[in-house]
Structures are given as C-alpha cells and as structure tokens.
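Structural description and commentary
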Amino acid sequence: MHGRVKVKTTAQQEEEKRKEREKKLKVYVAARDACFSKRKDGVFDDEALQLTQQLLSANPDFATLWNYRREILTHLETVKDEDEAQKIYEAELSFLESCLKVNPKSYGSWHHRGWVSARLPRSNWARELSLCDRCLSLDDRNFHCWDYRRMVVKMSSVPVKQELEFTDRLIGSNFSNYSSWHYRSTLLPLLHPGSPEPPPSRCGGDPPHSCSPPSPQTHFHRVCEEQLLKEYELVQNAFFTDPNDQSAWFYYRWLLGRAEREEMISCAYVSREQERVAVTFSRPVNAQSGSLLLVLDGQPQRVEWRSVHPHFKHSPVWISDLPPGTISDIANEHNLTVHWTEKHTHRDCALYTGRSESWCRDTATDLELFRSELSVEKTSVLQSELQSVNQLQELEPLNKWCLLTIILLMRALDPLGYEKETLAHFQTLKEVDSMRSAYYSDLCSKFMIENTILKMEYAEVRVFSISDRNLTTLCHLDQLLLVTHINLSSNQLRRLPPQFAMLQCLEVVEADNNSIENLEGVYHLPKLEEVSLKNNKISTLADLQPLASCPKLRRLDLRGNPVTQTANVESELAELLPSVADLLL
C-alpha cells in the first residue's frame, strides 16, 4: 500500500465542493450587500465600480448591478475630462468582453455594451463590428449579437451592400443559418427596392368620373424583380442541399410573400337609407383618436366614429351616422370626402340623384392583395422553380416544407388555375404532418376565401358563395363590406366571429350544415333580413341574442339546432326577436 496516492471518496469531494461554494457565496453576498448599501447612500465612486465589476464578472446577468454601474459611469462623466472619460469607457468595453466570455448570450452585457458604445466620446465602430464578427463565428445564431450588430451598423453607417455580402459569407458557410436569412430579408428591400404602379380605384353606383384619384400605392419591403430572381436561385441551392432544414424554406416563403400595404383608406361607402358612412382601411386603426374628418358637400361634419363591434378598439372598418335628414332626399346629389389626417390621405365618394347608396374603393385585385401581376420573365422563372420543387418532392414525398412551397408557388403563379392541385396538396400535408392539420385547414380556408373574393370581383357581383369547401375559419371579412348575400353552408365553421360585423351591406346569410355555436359577429347589421342556420349547434337562447341587434331581420331558420328543443322556445324567440315574421324551428 505504500507509495500509492489515496483517492478521496465521492462524499469527501462533495463536502469540499460544498464548503468551497459556501465560501464563495459569502464573499459574493457581502460584496452585493456592500453595493446595495453604497447605492442607497448615493455613493458613485471607484470602489463601487470595482465592487460591481467583481460581482458581474461572476454573474453578468444581474440587471440591478448594471443599472448601478451606469449610474456610477454617468456620475464619473461629470467629474472627468473627455480623455479620462474615454479611458474609463474603453476599460468598460474590455470588461464587457470578459463578461461575454462567461455568457455570450447575456442580455445585460449586450445592452450595457450598446449603452457604453453610444456614450463613448470617440467611438470605434470598426472594433465593435469586428467583435460581432468574432462572436457570430462562434455562434451564428446568437440573436443578442445580431441585435447589437444592427445597432452598430446603423450608428456607423455601414453600407447596406457590405452587410449583404456579410450574409452571403455566412449563408455560404452554413445554409442553416436562420439569422442570416432573416437579416438578408431586411437588407434586400433597402439595396434593391421595387416601385409598383398605383392601382385604379373602382366606384359603385356612380359614373366612372365620380372618384378622385387615389393616393400612390406604396408597397413597403418590396424587392425589385431582377434581384428576386437571383434570390430564388440562391435559396433553391440551399433547400436542395438539405431539404429538411427549415431556414431556407422560411426565407423562400418570404420571397413569395406579398409586400406590406400602404396605410390608406381602401373603401368609402355611403347609404342614403341608413344615412350612414362606412370606411375601410388597409389595416386595423383606432378612428376614435380624432384622426378622421368627414366632409359633406364642402362642410365638415360633427360625427362620432365607432367600430363595427364593441370588441374592437382597432378595426379595419369604421362607421358613423350622419345627422337625420342630411342625405335622405333621393332628389339631391351629395359629395362626401373622408380625410385620414394622421396619414395625409383621403377618399372621395359621390352620391348621385336617384341613388340609394354609393361607394369608392380599391378592390383586392387592384391592390394585388392575393396575387401579383407577373412579368413574362418572372412567370418563366417561377414555373421553372415549381418544376424543380416538384422534382424534389418526388425524391422527398413526405417533406412538408416541399409540399407547402409547391402550394405557395402555385398561388404566386395562378391561384385560381391551380386551385384543385392546391387542395390535393393540403390534404397530403395533413396526412404527412398530422400534428399541424388544424393549421393547414385554417391556411387552406384562407386561400379558398381569397380565391372566392377574386372570383366575385371578376364577376362584379355582391354575392359571396363558398359552400362545401371544408372551411374551418373566416378571414378577410373587411374585403366583404359591400357583399349583400353570403353562403357559408356545409363547412366546418364553429362561429361567426366579431369580424363578421364588417359586412354592413349584408341582407342574407346562409350558414346551414356547420357546427356553429356562436353568433357574436351577427351584430348591428342594418340591412340583414334573412338568416338560415339549419343543422348547427346553437343550444341556448342566449346564443341568439346578437340577432336582436339587427332591426330588419324577418326570416330565421333554426331547424336542426339543439335550441329548438328548449321549452317555450317559440314564445321566447318572439319576445327576443319581435321583427321576425317567418320563424322555422
């Protein structure tokens, strides 16, 4: 046994480690208490700076200590000259590098570094950019560093082209670098912006010349076509290299997506009978903020704007009632303008003699909401892309990203022409990725609604019919403001959501053979006369309460709903809905 090293037992080792931790903890707690005491006493000296450095070196995620440290540095600025302050902040940057080595994803360290760099009398942004390069070379998905890099680039005016080349290098070394793809999507519109033509406005119920020219339509975050075609090739190389990596597929989806819309009034509608004005915006807004001005025949009107449903403080559709008698005389002509003062835009609408209603709008087709007009070159490239992805899908038949991209390419090329194939691919997606089948059902519903809106606009009718399409959700209801008849029968809908109240011109609702339990969206629809809800799941009279807000409701069909089994249901409904003359139970 002599000459052999005695090996400590595990229990002994654990006890020694515990004592060592306790010793370190006592030192740490003592330093922390000393810091808190100094801060409470308003002490901002060098000793406090050293104490916070000691603590943050061990734990760089102590936010209170970073706050105290900034207070100390701010104080020292007032008692030091510029050269001394420069040295203090240079030392602070060196200290921060050591903290980032302890935790490269420390919120506190990156935030403090941004604060220090911004206050440095003579900033060295090239050094900061180099630091970002080093950190991202170690972990190219460090989003803290990506955020800091964007700040550095902005402060130092690094050329966009240089940053785009930086993403080229990172993507070239690792196709799976999602952060680089995302950063690239923010740079391309700056370096290669597109500039679409403004769409024409459409007027209803009036001669063609009655609408004023719309404000120019600007699509934000749009990339010029020439660069888009190059990006398609780049991203195709990525997903052919690794078809199961989602980063490139997400970027490809962004490339195929539609640009953001300009903030504008897309439709103004006026009803002589209701003496009401309805306005549709390109996004949800709060019109009660005083940013809407209604001018009738050259005179500003004192009106109150309200959203279509009390659930909405922000809504794309707002309505207001004109003073009684203002436009009720059908023998008179009126010119109306709605000004959105916040965005310096407006929409005109003329109500001519003999007309009961009028509107001026940009259609979904005009605005390219659901599909874009393609050049010959872009069509050719997208057709080639579709062929390539179809080939990949033959090799990877169970690849959900591939299937979803095929759907998106088909929609970019011809959403109506490829409708049958799109539905088939959605069915395959639900089978391949069953955990997300509800998502695919909702996405399919969205696309089918978009197609139906396009068909309705091409036919120039105000009837929206989308029965027997397995719809699970309703969307784009702000595009249906002018619809008078809607058919949603034989789908899988469970509710008519609050957004349904945007259909202010609606007269007839058919929603038979669904699973509807909730009617909260059938709210204050001034023209609604007929509602058919056969074979749904309406179970209580309370579920029908929203219908009481529709003053013109004359016909209601509730056959096949549990509520019809309620005692005294007919008399209860007569009391709840006195305007209904034709009740089917």
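Identification of the protein as Geranylgeranyl transferase type-2 subunit alpha from Poecilia mexicana is taken from an unreviewed UniProt entry. As stated in UniProt under Catalytic activity (unreviewed entry), the record for the protein gives "geranylgeranyl diphosphate + L-cysteinyl-[protein] = S-geranylgeranyl-L-cysteinyl-[protein] + diphosphate". UniProt's Sequence similarities (unreviewed entry) comment on the protein is quoted here verbatim: "Belongs to the protein prenyltransferase subunit alpha family."

The next point concerns the UniProt feature "domain: Rab geranylgeranyltransferase alpha subunit insert-domain" (unreviewed entry) in the protein. Taken from the UniProt record, the annotation "domain: Rab geranylgeranyltransferase alpha subunit insert-domain" (unreviewed entry) applies to residues 265–364. This span, residues 265–364, is 0% helix and 53% strand, and a straight line between its end C-alpha atoms measures 13 Å.

The next thing to look at is empty space enclosed by the protein. Where empty space is left becomes clear once a probe the size of a water molecule has been rolled over the atoms. Applying the stated criterion across every chain yields a total of 2 cavities of 30 Å³ or more. The volume enclosed by the largest cavity comes to roughly 100 Å³. As for the largest cavity, its lining consists of Arg261, Ser266, Cys267, Thr280, Arg361, Asp362, Leu367, Asp478, Gln479, Leu480, Leu481 and Leu482. For the lining of the largest cavity, a count of residues per class yields 5 nonpolar, 3 polar and 4 charged. A domain split of the lining of the largest cavity shows at least three residues from each of domain 2 (265–361) and domain 4 (462–583).

Below, the discussion takes up unusual backbone geometry. A positive phi angle, close to 55°, is found at glutamate 460, a residue other than glycine. Tracing the sequence through the fold places glutamate 460 in the loop between α15 (437–459) and β11 (463–465). The phi torsion at asparagine 513 lies on the positive side, around 55°, for a residue other than glycine. Structurally, asparagine 513 can be placed in the loop between β13 (508–510) and β14 (530–532). The exposure class of asparagine 513 is partly exposed, given its relative accessible area of 35%.

With that out of the way, let us pick up the packing of aromatic side chains. Scanning the entire structure with this criterion turns up 19 aromatic pairs. By way of ring pairs, the aromatic residues Tyr232, Phe239, Phe240, Trp249 and Tyr252 are connected into one cluster. Sitting above the plane of the phenylalanine 166 ring, arginine 149 keeps its charged end 3.5 Å from the centroid.

A few words on the pattern of salt bridges. The tally for this structure, following the rule as stated, stands at 40 salt bridges. In this structure, the salt-bridge partner of aspartate 83 is arginine 122, at a minimum N-O distance of 3.4 Å. Taken together, the positions of aspartate 83 in helix α4 (residues 82–102) and arginine 122 in the loop between α5 (107–119) and α6 (125–138) put the pair 39 residues apart, joining distant regions of the chain. Judged by its relative accessible area of 47%, aspartate 83 is partly exposed. When the shortest N-O distance is used, the salt bridge between arginine 283 and glutamate 263 registers 2.4 Å. One end of the pair, arginine 283, is in strand β3 (residues 276–285); the other, glutamate 263, is in the loop between α11 (246–256) and β2 (265–271), with 20 residues separating them in the sequence. A residue is classified by how much of its surface remains accessible, and glutamate 263, at 27% relative accessible area, is partly exposed.

Bringing α6 into the picture now. In this model, α6 (14 residues) spans 20 Å end to end at C-alpha, consistent with the 20 Å of a helix rising 1.5 Å per residue. Of all the residues in α6, the buried ones are Trp125, Glu128, Leu129, Leu131, Cys132, Cys135 and Leu136. Along α6, the residues classed as buried sweep out an arc of 155° about the axis, all on the same side. For α6, exposure combined with an orientation more than 90 degrees from the buried face picks out Ala126, Ser137 and Leu138. Where α6 is buried, its residues meet α4, α5, α7 (143–156) and α8 (160–173).

Moving on, we come to the packing of helix α9 (residues 178–191) against helix α10 (residues 225–241). Taken N-terminus to C-terminus, the directions of α9 and α10 make an angle of 175°; their axes are 13 Å apart at the nearest point. In terms of their interaxial angle, α9 and α10 are classed as roughly antiparallel. Together, Trp181, Arg184 and Leu188 of α9 and Gln227, Glu231, Leu234, Val235 and Ala238 of α10 make up the contact between the two elements. Of the residues belonging to the contact of α9 with α10, the class tally is 5 nonpolar, 1 polar and 2 charged.

Residues Ile486 and Phe500 are the most contacted members of the largest nonpolar core, which totals 104 residues. Top contributing element to this core by residue count: helix α13 (residues 400–413), with 11 residues. Residues within four places of phenylalanine 500 in sequence aside, it is in contact with Leu474, Leu477, Ile486, Leu488, Leu506, Val509, Gly521, Val522 and Leu525. Leu51, Leu73, Phe95 and Cys99 belong to the second largest nonpolar core, which has 22 residues in total.

Strands sit in the order β5-β4-β8-β9 across an open sheet of 4 strands; the sheet is antiparallel. Every interior strand has two partners, whereas the edge strands, β5 (299–301) and β9 (345–351), have only one. Each adjacent strand pair in this sheet contributes to an overall mean axis angle of 25°, direction not counted. Relative to β5, strand β4 (residues 292–296) is paired through 3 bridges, and the arrangement is antiparallel. Directly across from leucine 296, in β5, lies its bridge partner glutamine 299.

Let's shift gears to the domain arrangement of the protein. In many analyses, interface size is given as the accessible surface area lost on bringing the parts together. If you check the domain split of the protein, you get domain 1 (17–158), domain 2 (265–361), domain 3 (376–445) and domain 4 (462–583). Taking only C-alpha atoms, the centre of domain 1 and the centre of domain 4 are 61 Å apart.

Pairing within the open sheet is parallel, and its 6 strands lie in the order β11-β12-β13-β14-β15-β16. This sheet does not close on itself; its edge strands, each paired only once, are β11 and β16 (582–584). Recorded for the sheet is a direction-independent mean angle of 0° between the axes of neighbouring strands. In this sheet, β14 lies alongside β13 in parallel orientation, the contact comprising 3 bridges. Across the sheet, valine 509 pairs through a bridge with valine 531, a residue of β14.

Cut-offs used in this document
Residues numbered from 1 in each chain as written. Predicted model: local features only at pLDDT ≥ 70, side-chain atom pairs only at ≥ 80, totals over all residues. Heavy atoms only, no water. UniProt positions renumbered as here; feature names shortened; annotations may be inferred. Helix = DSSP H or I, 4+ residues; strand = E, 2+ residues; numbered from the N terminus. 1 Å grid on protein atoms, 1.4 Å probe; cavity = no way out; pocket = protein on both sides within 12 Å on 5 of 7 lines; lining within 4 Å. Points joined across faces, edges and corners; volume = space filled by probe spheres on them. Nonpolar A, V, L, I, M, F, W, Y, C, P; charged D, E, K, R; others polar. Domains from an automatic or database assignment. Buried < 20%, exposed > 50% of the residue type's maximum accessible area, 1.4 Å probe, protein only. Phe/Tyr/Trp six-rings, centres within 6.5 Å; stacked < 30°, edge-to-face > 60°. Lys NZ or Arg CZ within 6 Å of the ring centre and 35° of its normal. Salt bridge = Lys/Arg side-chain N within 4 Å of Asp/Glu carboxyl O. Expected span 1.5 Å × (residues − 1). Arc of directions from axis to C-beta. Contact = heavy atoms within 4.5 Å. Axes fitted to C-alpha atoms, helices over the stretch in contact; angles between N-to-C directions. Parallel < 35°, antiparallel > 145°, perpendicular 65-115°, else oblique. Core = buried A, V, L, I, M, F, W, Y, C linked by side-chain atoms within 4.5 Å. Pairing = 2+ DSSP bridges.

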